[in-house]
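Structure assessment
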Amino acid sequence: MKNSEKDEIPYPPLLPSKVDLQQVTIIPHTEWERIRDSLDKLSREAAALRAERTAKKKMHIQSQEMVKHWTNTYAGMKEQKLRAKQKRDEEIETERQILDLEEEIYKQGERKKAIEHAKQYQFYQTERMKSFHSGLLLSKVMKERDAQIQFKKNSVKSDKKWEEQLKLNIEKAIKQEQEKEEKQRRERVALAEDHLKQIKEREEEEEKRKINEEKDAEEIKRQNLLYEIEMKKKLSKKQEEIDESRKLFFDHMRDKNIIRAVEQQQQEEEDEKIRKFIKAKKQLFRMIWQMLMEERRERINNFLSELMKEKLDTEDLLFARDIAEAEAELERREKEKCEKTQAELKAIADYRASVMKIKEEEERQRKIDAKEQLMAVLKADKIFQELEKEKKLKVSKEKREIQDVHVQQMAINKFNAQQSKEEELDYWRQSEALAAEKEEEFQKYAREVIKFESESSKKYTYPLVKAVQEGVGGGRGPPFVGRGGIRPSYQTKDVTGVQLPFYNSQGSKYNDFQKSKRRLGFT
């Protein structure tokens, strides 16, 4: 007992305090395990299924990771073929890009060569280059001619006739050269005149365009004024029509009211006649009723007298019965007649009441219709006023839009004129820059040619030096800067280089200047 008491382990109380032990059920441990297993069965099965599914998924992922890099499977072979194909496509695309780049470089070089060839061709086709090449040809001709002369002098003796012929040939060549230069000068003058004519035509066209624009603006203003006058006329005419229709409508309503008053008066007169007729009919019926009553009494008296005369011997009971039957028959007839009369009077009264009710209903409906018609007219008038207001707003909006369009058109025209002027100035600036660039290129080319020719022979470079001189026009004055290098003999006012002819005389043959002035009209 002592050992058992020492070996006991103190457990906490399993039951709360103040519990009746007789009401507590004690079950074995196995039963308790069975109950707990039955309660937790679903959750344990779900946990087992989730664990099994997670393990399968993990195993599947491990299998995929394992076989992903295998090359002897269908998927690996397919992936390997796709990679090889992609690599081949990339190599082919790289080769194509290289070929395209080489082709583009080749085409760019060809285009550059073609552009350089075209530029060189255009450079050789300019007037300065043609003149310079003419001078170069002339220098070569002179060189060849001197060589031939030297060769002839060395080979044969000089002959006077041959010298004269040579002199004539030289003079002829010089004359041809002068004629050629004169022809070129005339062509330049004609070209300058053509340019002047084109500039004048352009100025005339610009002046005509401005005049046409002013005419169009005046025509637009006139059309706008006419349109406003026409719209005012239409509005005044429409307002007059509205006033006229309103006046006609009010006249119609006034006539309708008068007719309605006349009809009402006629109806009252007819009602008065009907009342008088009914009153007269009642009086007549009363008189007839009295006459009939008197006749009935008279007939009864006559009948009774006759009965009394004819049947004096009849018993009093039969007489009384007959009298009673006769009176009853008469009363029945009189009652039926009275009921019939009352029914007729009642029908007349009902008819009159129905007629009065119908007339009152018609009058009420007429008033409602008149009110509705008046409301409809007022509504239509209001709608018309709103429509007119909208039309006025629309017309004013259209006018503002037209005015805005005109202002915008004027601004656009002004901008276009300014733009064209700026484009023209830009064109002249580019032309001047291009002329300066061409002049520099020409000078560089000419210096190289003159240097080469001077190394071979210094004697025949004068035509080249003359052709290289800056400026065209054949003058002796300074060249115009920014005007294509024109060299006139005097200060000109345009870009054509037109100048007075040059005369190299020693003096004037006319010393009397006053006589010359009088001859020319300068008095």
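Keep in mind the model is a prediction, meaning the values are calculated, not measured. (Residues numbered from 1 in each chain as written. Predicted model: local features only at pLDDT ≥ 70, side-chain atom pairs only at ≥ 80, totals over all residues. Heavy atoms only, no water.)

Focus: the overall build of the chain
Under the convention used in this document: By definition, any uninterrupted DSSP run of H or I lasting at least four residues is a helix, any uninterrupted run of E lasting at least two residues is a strand, and each is numbered from the N terminus. Two residues form a contact once any of their heavy atoms are found within 4.5 Å. Using the Shrake-Rupley algorithm and a 1.4 Å probe, accessible areas are obtained, with residue cover drawn only from the displayed protein chains.
Each helix and strand counted, the chain has 9 helices and 0 strands in total. Counting from the amino terminus, the chain carries its helices and strands in the arrangement α-α-α-α-α-α-α-α-α. At a minimum sequence separation of 6, the contacts of the chain that also span at least 24 residues come to 57%. Total accessible area computed for the chain in this model is approximately 46700 Å², and 56% of it derives from carbon and sulfur atoms.

With respect to a nonpolar patch on the surface
Stated formally: Like-charged residues within 9 Å of one another, or nonpolar side chains (Val, Leu, Ile, Met, Phe, Trp, Tyr) within 5 Å, are grouped into patches, provided each residue has over 30% relative accessible area and no salt bridge. The term salt bridge refers to a pairing of a side-chain nitrogen on Lys or Arg with a carboxyl oxygen on Asp or Glu at a separation within 4 Å. Each residue's exposure class comes from its accessible area (1.4 Å probe, protein chains only) as a fraction of the maximum for that residue type: buried when under 20%, exposed when over 50%, partly exposed otherwise.
On the surface, a nonpolar cluster with roughly 400 Å² of combined accessible area is contributed by I27, W32, I35 and L39. Tracing the backbone through its elements, the reader meets W32 in helix α2 (residues 29-39). For W32, a relative accessible area of 45% translates into the label partly exposed.

A look at the side chain of E334
Position of E334 relative to the elements: it lies in helix α7 (residues 316-456). You can call E334 buried: its relative accessible area is 17%. Beyond its immediate chain neighbours, meaning those up to four positions away, E334 contacts W289 and R296.

Brief notes about the pattern of salt bridges
For the structure on display, the rule yields 19 salt bridges. R111 is the salt-bridge partner of E104, the closest N and O atoms lying 3.4 Å from each other. For E104, a relative accessible area of 41% puts it in the partly exposed group. On the accessibility criterion, R111 (43% relative accessible area) is partly exposed. Members of the salt-bridge network, linked through shared partners, are E329, R332, R333 and E336.

Re the packing of aromatic side chains
Threshold: Between rings of Phe, Tyr and Trp, where Trp is taken as its six-membered ring, a pair exists when centres lie within 6.5 Å; planes separated by under 30 degrees are stacked, by over 60 edge-to-face, and by other angles tilted.
A full pass over the atoms with the stated rule returns 5 aromatic pairs. Each ring, one from F132 and one from Y445, has its centre 5.9 Å from the other, and the planes form 65°; the classification is edge-to-face. Placement of the pair is F132 in helix α5 (residues 127-155) and Y445 in helix α7, with a sequence separation of 313 residues. We classify F132 as buried; its relative accessible area is 0%. One aromatic cluster in this structure is built from Y124, F132, F442 and Y445.

Overview of the nonpolar core
Soluble globular proteins: nonpolar side chains tend toward being buried together. Definition in use: To qualify as a nonpolar core, a set must consist of buried Ala, Val, Leu, Ile, Met, Phe, Trp, Tyr and Cys residues joined through side-chain atoms within 4.5 Å.
F123, M129, F132, L136, F442, A446, V449, I450, L464, A467 and V468 together form the largest nonpolar core, which totals 11 residues. Counting residues per element, the ones that place at least two in this core are α5, α7 and α8 (462-468). Other than its neighbours up to four places away in sequence, V449 contacts F132 and L136.

Structural notes on the confidence of the model for the chain
Test applied: On a range of 0 to 100, pLDDT expresses the predictor's confidence in each residue.
Model confidence for the chain is summarised by a mean pLDDT of 78, while 80% of its residues fall at 70 or above. Of all secondary-structure elements in the chain, the lowest mean pLDDT belongs to helix α1 (residues 2-7), at 44, while helix α4 (residues 74-124) reaches the highest, 87. Of the regions scoring below 50 in pLDDT, residues 1-12 engages in 0 contacts with residues more than four places distant in sequence or in other chains. In the model, residues 500-507 has pLDDT below 50 throughout and makes 2 contacts with residues more than four positions away in sequence or in other chains.

A closer look at the environment of W289
By secondary structure assignment, the location of W289 is in helix α6 (residues 160-310). Between the alpha carbons of W289 and C338 there is a distance of 9.7 Å; along the sequence they are 49 residues apart.

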